[in-house]
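Coordinate inspection notes
So the chains spell out like this:
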Amino acid sequence: MGCNRNCGLIAGAAIGAVLAVFGGVLVPVGDMLIEKTVKKEAVLEEGTIAFKNWVKTDTDVYRQFWIFDVQNPEEVEVHSSKIKVKQRGPYTYRVRYLAKENITQDPETHTVSFLQPNGAIFEPSLSVGTEDDTFTILNLAIAAIPHLYPNSFIQGILNSLIKKSKSSMFQNRTLKELLWGYTDPFLNLVPYPVTTTVGVFYPYNNTADGVYKVFNGKDDISKVAIIDTYKGKKHLSYWASYCDMINGTDAASFPPFIEKTRVLQFFSSDICRSFYAVFGAEINLKGIPVYRFVLPSRIFASPLQNPDNHCFCTEKLLSKNCTLYGVLDISKCKEGKPVYISLPHFLHASPEIAEPVEGLSPNEEEHSTYLDVEPVTGFTLQFAKRLQINILVKPARKIEALKHLKQNYLVPILWLNETATIADEKEAMFIDQVTRKINLLRLVQIIFRSIGTVMFVAFMISYCACRVGVGHN
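Residues numbered from 1 in each chain as written. Predicted model: local features only at pLDDT ≥ 70, side-chain atom pairs only at ≥ 80, totals over all residues. Heavy atoms only, no water.

The name that an unreviewed UniProt entry assigns to the chain is Platelet glycoprotein 4, with the source organism given as Capra hircus. Quoted verbatim from the Sequence similarities (unreviewed entry) field of the UniProt record, the comment on the chain reads "Belongs to the CD36 family." (UniProt positions renumbered as here; feature names shortened; annotations may be inferred.)

If you want it as structure tokens, here you go:
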């Protein structure tokens, strides 16, 4: 009887040990199954989940604009006063709703090339007004003259055309005109061929960005969606390549199996450079665990602090020999126009940058950029990319509208927030197809390991107690 009982206890302990070992074996096996599935579905080729979402996103992407309405235009132009601005917005457009075009796979290089069509649809229900709302803003054409035509003789000729067109340093424009373009009355009088349409994002609608060529991940999943080459506008492509600024993906997705130590790089053709984001926190997005990556302030640091920014410091006077921080000069990719980018409201910028402007209130929560990335798949499930567009205005003795200025102004025109969050139906699909399966597999691992360990310990305790009892008898 004692022998049988001992055998039963030993058998129970053995079963528990087997379950514990099986649970331990299941961990790497489960991880291998997850890795194999993700690697298959993350490749950019016909039939995969990644490819379907890459060609045309199912998530609504919005670009919100806040316009800096100038309150004292005459005081600035005549007395070189501080510029007083009032932020108005948001004005919201839906973007990135068009599918990629001319998609071509190259099996030899494991890359896929494509064009990204551009389009913007105004969303009245998500806006504070209409596209016909009017703002007092900087005259973009006049502000560019001292930069494009530094010769005083040419400036004198152009000044006569400015006066004839009754143009001044500031102008009234509708939202639609400011963003997407208007015929400038001064440029319309220039007797030689020039582009007479001016707008912050002109041209945009009915254009396409690219050609892009990205790795499809077929041979190496760690490179999937990373840009290999970019052939956009000639001046943009050359300059961005020269400055080593074409790196990373388009931020819609990243190579899978993301660690917190990884630096995520993404390229934006609008501003001719790549940005990078670093791990900030773990958060829960609609029941999906994600990593939040944030833009570090170092991205807008001076070249002395961040040598990667040497290409974005060409105006030695404004930057005080490249010692100021918080703005980047992108004029070389804007055909010489004095365009500078910064974070909204000059967040993280040198105090001297914003000193000539009143009405700004930088706020880390409202004005910083972040990406919420699901770490197993590398898919970006929520993001907010925030930037401010500024124009540098310099005094010019030969131009009536600028001759009274006593200092340089970095005039904020607008700031934008391009944002998207995974839709509820897509979130449910993601949880069902990805999160729930991963969690279930991990739960099974834990259960097998826990039951096995408990059984092994319990039966071994009983066995020892039994042995002691037999010894006493």
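1. Observations concerning the overall build of the chain
Scanning the chain from N- to C-terminus turns up 10 helices and 20 strands. Across the 473 residues in the chain, those meeting the buried criterion constitute 49%. Here the contacts in the chain between residues at least 6 apart in sequence split such that 65% fall between residues at least 24 apart. Of the roughly 23,000 Å² of accessible surface on the chain, a fraction of 56% belongs to carbon and sulfur atoms. (Helix = DSSP H or I, 4+ residues; strand = E, 2+ residues; numbered from the N terminus. Buried < 20%, exposed > 50% of the residue type's maximum accessible area, 1.4 Å probe, protein only. Contact = heavy atoms within 4.5 Å. Areas by Shrake-Rupley, 256 points an atom, 1.4 Å probe, with all protein chains shown as cover.)

2. Re a nonpolar patch on the surface
Among the surface-exposed residues, Phe153, Ile154 and Ile157 lie close enough to one another that they form a single nonpolar patch of about 290 Å² accessible area. Within the secondary structure, Ile154 is located in helix 5 (residues 152-164). (Patch = residues over 30% accessible without salt bridge, like charges linked within 9 Å, V, L, I, M, F, W, Y side chains within 5 Å. Salt bridge = Lys/Arg side-chain N within 4 Å of Asp/Glu carboxyl O.)

3. Quick word on the packing of helix 4 (residues 140-148) against helix 5
The contact between helix 4 and helix 5 brings their axes to 11 Å, and the two run at 170 degrees. With respect to their mutual orientation, helix 4 and helix 5 come out roughly antiparallel. When helix 4 is examined against helix 5, the residues Ile142, Ile145 and Pro146 are found in contact with a partner set consisting of Gln155, Leu158 and Ile162. Class assignment of the residues belonging to the contact of helix 4 with helix 5 gives a composition of five nonpolar, one polar and no charged. (Axes fitted to C-alpha atoms, helices over the stretch in contact; angles between N-to-C directions. Parallel < 35°, antiparallel > 145°, perpendicular 65-115°, else oblique. Nonpolar A, V, L, I, M, F, W, Y, C, P; charged D, E, K, R; others polar.)

4. Re the environment of Asp209
Along the chain, the position of Asp209 falls in strand 10 (residues 208-215). For the pair Asp209 and Leu115, spaced 94 residues apart in sequence, the C-alpha separation works out to 5.8 Å. Once residues lying within four places of it in the same chain are set aside, the contact partners of Asp209 are Leu115, Gln116, Asn118, Tyr230 and Ser269. Here the side chain of Asp209 touches Tyr212 through a polar contact of 2.6 Å, side chain to side chain. (Polar contact = N/O pair within 3.5 Å; in protein donor to acceptor, adjacent residues only side chain to side chain.)

5. Remarks on the side chain of Glu77
Positionally, Glu77 belongs in helix 3 (residues 73-79). No salt bridge is formed by the buried Glu77. Its closest oppositely charged neighbour is Lys403, at 9.8 Å. Among the polar contacts listed, one links the side chain of Glu77 to the backbone nitrogen of Met169, at a separation of 3.3 Å. (Lys, Arg positive; Asp, Glu negative; His and termini not counted.)

6. Re the packing of aromatic side chains
Under the counting rule described, the total for this entry stands at 16 aromatic pairs. Between Phe114 and Tyr212, the aromatic rings sit 5.3 Å apart at their centres with planes inclined by 15 degrees, giving stacked as the arrangement. Within this pair, whereas Phe114 is found in strand 4 (residues 111-117), its partner Tyr212 is found in strand 10, the two being separated by 98 residues in sequence. Through pairs of rings, three or more aromatic residues link up here, namely Phe65, Tyr93, Phe122, Trp180, Phe201 and Tyr204. The cationic tip of Lys223 hangs over the ring face of Phe215; the distance from NZ or CZ to the ring centre is 4.2 Å. (Phe/Tyr/Trp six-rings, centres within 6.5 Å; stacked < 30°, edge-to-face > 60°. Lys NZ or Arg CZ within 6 Å of the ring centre and 35° of its normal.)

7. Observations concerning unusual backbone geometry
For the peptide bond that leads from Gly89 to Pro90, omega is 5 degrees, which places it in the cis range. The step from Tyr202 to Pro203 runs through a cis peptide bond, and the omega angle for that step is -10 degrees. Of note in this structure, Lys166 is not a glycine but carries a positive phi near 60 degrees. Along the chain, Lys166 falls in the loop between helix 5 and strand 7 (170-174). Look at Lys166 and you get exposed, because its relative accessible area is 77%. One non-glycine residue, Cys322, adopts positive backbone phi at about 65 degrees.

8. Remarks on helix 5
Each full turn of the α-helix corresponds to 3.6 residues, which orients residues three or four apart in the same direction. The terminal C-alpha atoms of helix 5, which comprises 13 residues, lie 18 Å apart, in line with the 18 Å expected from a rise of 1.5 Å per residue. Among all positions of helix 5, only Gln155, Leu158, Asn159, Leu161 and Ile162 are buried. Projected down its long axis, helix 5 shows its buried positions confined to an angular sector of 165 degrees, all on one face. Exposed residues pointing more than 90 degrees away from the buried face of helix 5 are listed as Phe153, Lys163 and Lys164. Where helix 5 is buried, its residues contact helix 4. For helix 5, the capping residue at the N-terminal end is Asn151, with a side-chain oxygen 2.8 Å from the backbone nitrogen of Phe153. Taken from the residues just after helix 5, Lys166 is the one with a positive phi, measuring 60 degrees. (Expected span 1.5 Å × (residues − 1). Arc of directions from axis to C-beta.)

9. Here we look at the sheet that holds strand 10
The four strands lie next to each other as 3-4-10-11, forming an open sheet whose pairing is antiparallel. In this open sheet, the two edge strands, each paired with only one partner strand, are strand 3 (101-106) and strand 11 (227-230). Neighbouring strand axes in the sheet, compared pairwise and without regard to direction, differ in orientation by 20 degrees on average. Bridging between strand 4 and strand 10 involves six bridges; their strand directions are antiparallel. Paired with Thr111 across the two strands is Phe215, which belongs to strand 10. (Pairing = 2+ DSSP bridges.)

10. Focus on empty space enclosed by the protein
Evaluated as defined, the whole model comprises two cavities of 30 Å³ or more. Space inside the largest cavity adds up to approximately 130 Å³. Around the largest cavity, the lining is made up of 17 residues, and of these Phe312, Cys313, Ser319, Leu324 and Val327 lie nearest the centre. The element contributing the most residues to the lining of the largest cavity is strand 15 (residues 327-329), with three residues. (1 Å grid on protein atoms, 1.4 Å probe; cavity = no way out; pocket = protein on both sides within 12 Å on 5 of 7 lines; lining within 4 Å. Points joined across faces, edges and corners; volume = space filled by probe spheres on them.)

11. Concerning the pattern of salt bridges
One pass over the full model with this rule turns up 11 salt bridges. Between Arg96 and Glu418 there is a salt bridge, with its nearest N and O atoms 2.8 Å apart. Taken together, the residues span a long stretch of sequence, with Arg96 in the loop between strand 2 (83-95) and strand 3 and Glu418 in strand 20 (residues 409-421) at a distance of 322 residues. Here Glu418 falls in the buried class, since its relative accessible area comes to 4%. The closest approach of N and O atoms between Lys337 and Glu335, which form a salt bridge, is 3.3 Å. Of the residues examined, Glu335 reaches a relative accessible area of 54% and is grouped as exposed.

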